[in-house]
Number of protein chains: 2
Amino acid sequence: MATGREIAELCGVSVATVSRVFNQPETVNDETRERVLRVARELDYQPNESARALSTKQSTMIGLVWDTDHRRPGWRHPYLQDLLIGLKSALSAHGYHLLMLATSGDSREVGASLADPVGYVNMTRRHHLGGLVLIDSGSDAEAFETFAQSGVPCVALDVAIAGPKATYVTSDNAAGAASAVRHLARLGHSRIATITGPPGNQPAEARISGYHKAMRESGLRLRDDYVVAGDFYRASGTAAMQRLLALDEPPTAVFAASDEMAVGALLAARAAGLRIPEDLALVGFDDIEIASVVDPALTTVAQDKPGFGVAAAKAIMAMITGADREEPVILPTQLVVRDSCGS
Amino acid sequence: MATGREIAELCGVSVATVSRVFNQPETVNDETRERVLRVARELDYQPNESARALSTKQSTMIGLVWDTDHRRPGWRHPYLQDLLIGLKSALSAHGYHLLMLATSGDSREVGASLADPVGYVNMTRRHHLGGLVLIDSGSDAEAFETFAQSGVPCVALDVAIAGPKATYVTSDNAAGAASAVRHLARLGHSRIATITGPPGNQPAEARISGYHKAMRESGLRLRDDYVVAGDFYRASGTAAMQRLLALDEPPTAVFAASDEMAVGALLAARAAGLRIPEDLALVGFDDIEIASVVDPALTTVAQDKPGFGVAAAKAIMAMITGADREEPVILPTQLVVRDSCGS
DNA sequence: CTGAAAGCGCTTACAG
DNA sequence: CTGAAAGCGCTTACAG
């Protein structure tokens, strides 16, 4: 590995000049600059990022906080892949890399295990990370407070946080849910139930309020027995559907707050001998891959998956370069009409 | 941020001793060690990783090479998420983090854009990465040669590479395919076709050879018109199925080399008025989530998804700590019998 | 068991 | 426009 010093010697300049060529090229004489650049290329010079970070006290990395190995082992972010792609590309455009922070502690290390928020914050300091992107893995909301207060730039996905350098991005869940319910109402349904996400989860709550709003606006009666709680996973959708079907007056349409639960509901309905959409109209939320392949294909509220990553990257970069607390980003959703609710 | 020097002063020892406490604790006097440890804890000391890496010439990060933004925009690794989880956990256990290398070049930087292999290798040097995990994103095979020859420890997923410090992990694709075909044969089918992956793709080729082997062993006739090429994606499965159905003597069973293509085939068969499994038996490969939710649920050859990550991590760690070229890891597969092929 | 010293490779005021 | 010097915070022989 060639170093700046070698280049300096070969060019007959000082290492300071070599450094300037790469960091403030405009301040160095054209001729000198070209010479340095040429030699650098010949030696395949790669600046040592550790030295750079040590000296500047900042790295070109953003940390990703994503707990994988505790609680809800089956949990899977509904569109992690799209999100990562968006995030990585947007970050790349700014020359930043994405560091997936280790999660299980290396007990030899100072400080607590990485599974806890302070562990992550510590890692952020050790590596001089530019910021943190937080993926909610269920019930991390309060841990996220720690991040938000730590002062390091961070943006959370799907959970509202606030702090000196903290913000979040989420879908317009209320509007999305409302559009789904309104669509059902327009199709003539009046007995519209909803299967919700877990209590306490913010997108889940917002979707419930969207459901309420659209029901009211459509002049439909809200009844408690038409709101049954799930946990976003498939099995809970099945269970919820069974409860709805057991009602004296079962709904003719169901809005499930996730595609997974919609699929679960679909399975339950099918098992009960109902035809979809003839006997029961169904709408989901997310527009994950499954939605389009299930039979009948699921009408659903699509989230802007790559948009999450892009917005997160943008917010992080803004905060790194000064901004003090970005406005939260609320991404629009889109109703994708397929076959599961008739038309 | 407290530094080692501050601790040293507070404890009345040298920074060398502080350093030893964390790196070779056994070499320092018990009492001194405890004192340093206590003060370190009080100050919430976090060793500066940049300084550490600069001094030791190695970081605690492994790079992930995963090209996302060129070619095949729709391409998605069939189980990236499970793979990442396995990889991250296994790496964490060794105290390593996973760095998702930026992919689009920051043109201000020396050297070529990151989209090319040398860009990645350069980044590896700059950051003193311990090694590289390579995810094949389609036609990167030859670029992977560059990595393999570079001397940095690397393990590729699903593409065979060899080099001073290179190895790979892949499923036993031939055996997996053979088990699927054998199962079909045992069910009484003799007209068994296959929809293959893209030519040149190693897992695809291996699955074809497994198909051949099982056909021969089952005493079934191999015919060219029963082998039609796809590209692992859904649409190609549909197209391939249509071609098979147009044959004078269409197959009664189809082994698709990916679940996505199997779903595509299923759609085509259904559109043609065939019942599954009555009129056509279908087996896929991968066992992605869709397989179990499609109707009828897909019989498929499951890959050990987290196993990929774990094996990759293990191989990387072995190579970092000395080993010169690990043996390739061939993961067993498992036939998951569901409804799409009768029983 | 411990300290002084050199070194890792860069950046950044400060002079000139 | 350029160089000398100090500094970033750690690790590691080398003495003692």
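Residues numbered from 1 in each chain as written. Chains lettered and ligands numbered in written order. Predicted model: local features only at pLDDT ≥ 70, side-chain atom pairs only at ≥ 80, totals over all residues. Heavy atoms only, no water.

As recorded in an unreviewed UniProt entry, chain A goes by the name Transcriptional regulator, LacI family, listed as coming from Kibdelosporangium aridum.

Once that is clear, we can look at the sheet that holds strand 7 (residues 227-229) of chain A. All names here are of chain A. Judged by pairing direction, the sheet is mixed, and its 6 strands sit side by side in the order 7-6-8-9-10-12 without closing on themselves. Each end of this open sheet is capped by a strand with a single partner; those strands are strand 7 and strand 12 (334-336). On average, each strand axis in the sheet is tilted by 20 degrees relative to the strand beside it, whichever way the strands run. For strand 6 (residues 192-196) and strand 8 (residues 253-256), the ladder comprises 4 bridges, and the chain directions are parallel. Across the sheet, I192 pairs through a bridge with A253, a residue of strand 8. Here helix 9 (residues 202-217) sits on the sheet and contacts strand 6, strand 7, strand 8 and strand 9 (281-286); the angle it forms with strand 6, its principal contact strand, is near 170 degrees. (Pairing = 2+ DSSP bridges. Helix = DSSP H or I, 4+ residues; strand = E, 2+ residues; numbered from the N terminus. Axes fitted to C-alpha atoms, helices over the stretch in contact; angles between N-to-C directions. Contact = heavy atoms within 4.5 Å.)

This brings us to the relation of the copies chain A and chain B. The second copy of the chain is related to the first by a rotation about an axis and a shift along the axis. At an RMSD of 0.1 Å, chain A and chain B line up after a rotation of 180 degrees and a shift of 0.0 Å along the axis. Expressed as an axis order, the relation between the two copies is that of a two-fold axis. The residues that chain A uses at the interface reappear at the interface of chain B in 100% of cases, marking a shared surface. (Least-squares fit on C-alpha atoms with pLDDT ≥ 70 in both.)

This part covers the interface of chain A and chain B. Quoted interface sizes are often the accessible area lost when the parts come together. At the junction of the two partners, chain A supplies 56 residues and chain B supplies 56 residues. Counting the surface lost from both chain A and chain B, the interface buries some 5500 Å², and carbon and sulfur atoms represent 56% of this. The largest share of the area that chain A buries against chain B comes from Q81(A), K88(A) and H97(A), three residues that together contribute 13% of it. At the surface where chain A touches chain B, the tally comes to 8 salt bridges. Here R270(B) makes a salt bridge to D295(A), at a shortest N to O gap of 3.9 Å. Applying the counting rule to chain A against chain B returns 16 residue pairs in polar contact (both at pLDDT 80 or more). The set of elements that each furnish at least two residues to the side of chain A that touches chain B consists of helix 4 (49-56), helix 5 (80-92), strand 2 (97-100), helix 6 (117-126), helix 11 (259-271) and helix 12 (289-293) of chain A. If one sorts the elements of the side of chain A that touches chain B by residue count, helix 5 of chain A sits on top with 8 residues. Split into classes, the residues belonging to the side of chain A that touches chain B amount to 26 nonpolar, 17 polar and 13 charged. As paired elements, strand 2 of chain A and strand 2 (residues 97-100) of chain B share 3 bridges and run antiparallel to each other. When the bridges of strand 2 of chain B are listed, M100(A) appears paired with L98(B). (Buried area = accessible area lost by both parts, 1.4 Å probe. Salt bridge = Lys/Arg side-chain N within 4 Å of Asp/Glu carboxyl O. Polar contact = N/O pair within 3.5 Å; in protein donor to acceptor, adjacent residues only side chain to side chain. Nonpolar A, V, L, I, M, F, W, Y, C, P; charged D, E, K, R; others polar.)

Let's shift gears to the protein's contact with DNA strand C. In the vicinity of DNA strand C, 26 residues are found, and the nearest of them are G4(A), S19(A), T17(B), R20(B) and T32(B). Per the 4 Å cut-off to the protein, sugar and phosphate atoms form 68% of the nearby atoms of DNA strand C. Take R20(A): an N or O atom from its side chain is 3.3 Å from a base nitrogen of DNA strand C. Backbone polar atom of A51(A) to a base nitrogen of DNA strand C: 3.4 Å apart, as the coordinates give it. Broken down by secondary-structure element, the contributors of at least two residues to the surface near DNA strand C are helix 2 (15-23) and helix 4 of chain A together with helix 2 (15-23) and helix 4 (49-56) of chain B. Of the residues contributing to the surface near DNA strand C, the split by class is 8 nonpolar, 14 polar and 4 charged. (Near = heavy atom within 4 Å.)

This part takes up helix 3 (residues 30-42) of chain A. Residue and element names in this part refer to chain A. Helix length check: helix 3, at 13 residues, gives a terminal C-alpha distance of 18 Å against a target of 18 Å (1.5 Å per residue), a fit within 8%. The complete set of buried residues in helix 3 reads T32, R33, V36, V39 and A40. All buried residues of helix 3 fall inside an arc of 135 degrees around its axis, so they share one side. Structural note: helix 3 exposes E31, R41 and E42 on the side pointing more than 90 degrees away from its buried face. Looking at the buried side of helix 3, the elements it contacts are helix 1 (4-11) and helix 2. Backbone geometry just after helix 3 places D44 at a positive phi near 55 degrees. (Expected span 1.5 Å × (residues − 1). Buried < 20%, exposed > 50% of the residue type's maximum accessible area, 1.4 Å probe, protein only. Arc of directions from axis to C-beta.)

Residues and elements named next belong to chain A. Of the two faces of strand 4 (residues 154-157), both are covered, the one formed by C154 and A156 as well as the one formed by V155 and L157. Direction of pairing for strand 3 (residues 131-135) relative to strand 4: parallel, over a ladder of 4 bridges. Within the sheet, the bridge partner assigned to V133 lies in strand 4 and is V155. With 4 bridges connecting them, strand 4 and strand 5 (residues 166-171) associate as parallel partners. Within strand 5, the position partnered with C154 by the bridge is A166.

All names here are of chain B. Its place among the elements puts C341 in the segment after strand 12 (334-336). For C341, a relative accessible area of 4% corresponds to the buried category. As a C-alpha pair, C341 and A253 span 88 residues in sequence and 7.8 Å in three-dimensional space. Dropping the residues within four chain positions of it, C341 is found in contact with H183, L184, L187, P277, A281, L282, V283 and T299.

In the vicinity of DNA strand D lie 27 residues, with T17(A), R20(A), T32(A), G4(B) and S19(B) positioned nearest. Of everything in DNA strand D that lies within 4 Å of the protein, sugar and phosphate atoms constitute 69%. G4(B) places a polar main-chain atom, nitrogen or oxygen, 2.5 Å from a phosphate oxygen of DNA strand D. A51(B) is positioned such that a nitrogen or oxygen atom in its backbone is 3.4 Å from a base nitrogen of DNA strand D. Those elements that place two or more of their residues in the surface near DNA strand D are helix 2 and helix 4 of chain A together with helix 2 and helix 4 of chain B.

Attention now moves to the domain arrangement of chain A. Residues and elements named next belong to chain A. For chain A, the domain assignment lists domain 1 (4-47), domain 2 (61-171 + 306-332) and domain 3 (173-303). Taken residue by residue, the interface counts 13 residues in domain 2 and 9 residues in domain 3. Inspection of the domain 2/domain 3 interface yields 0 salt bridges. At the junction of domain 2 with domain 3, the criterion picks out 4 residue pairs in polar contact (both at pLDDT 80 or more). (Domains from an automatic or database assignment.)

Before going further, it helps to spend a moment on the UniProt feature "domain: HTH lacI-type" (unreviewed entry) in chain A. Following the UniProt record, the feature "domain: HTH lacI-type" (unreviewed entry) maps to residues 2-56 of chain A here. In the segment residues 2-56 of chain A, helix accounts for 69% and strand for 0%; the C-alpha atoms at its two ends are 21 Å apart. (UniProt positions renumbered as here; feature names shortened; annotations may be inferred.)

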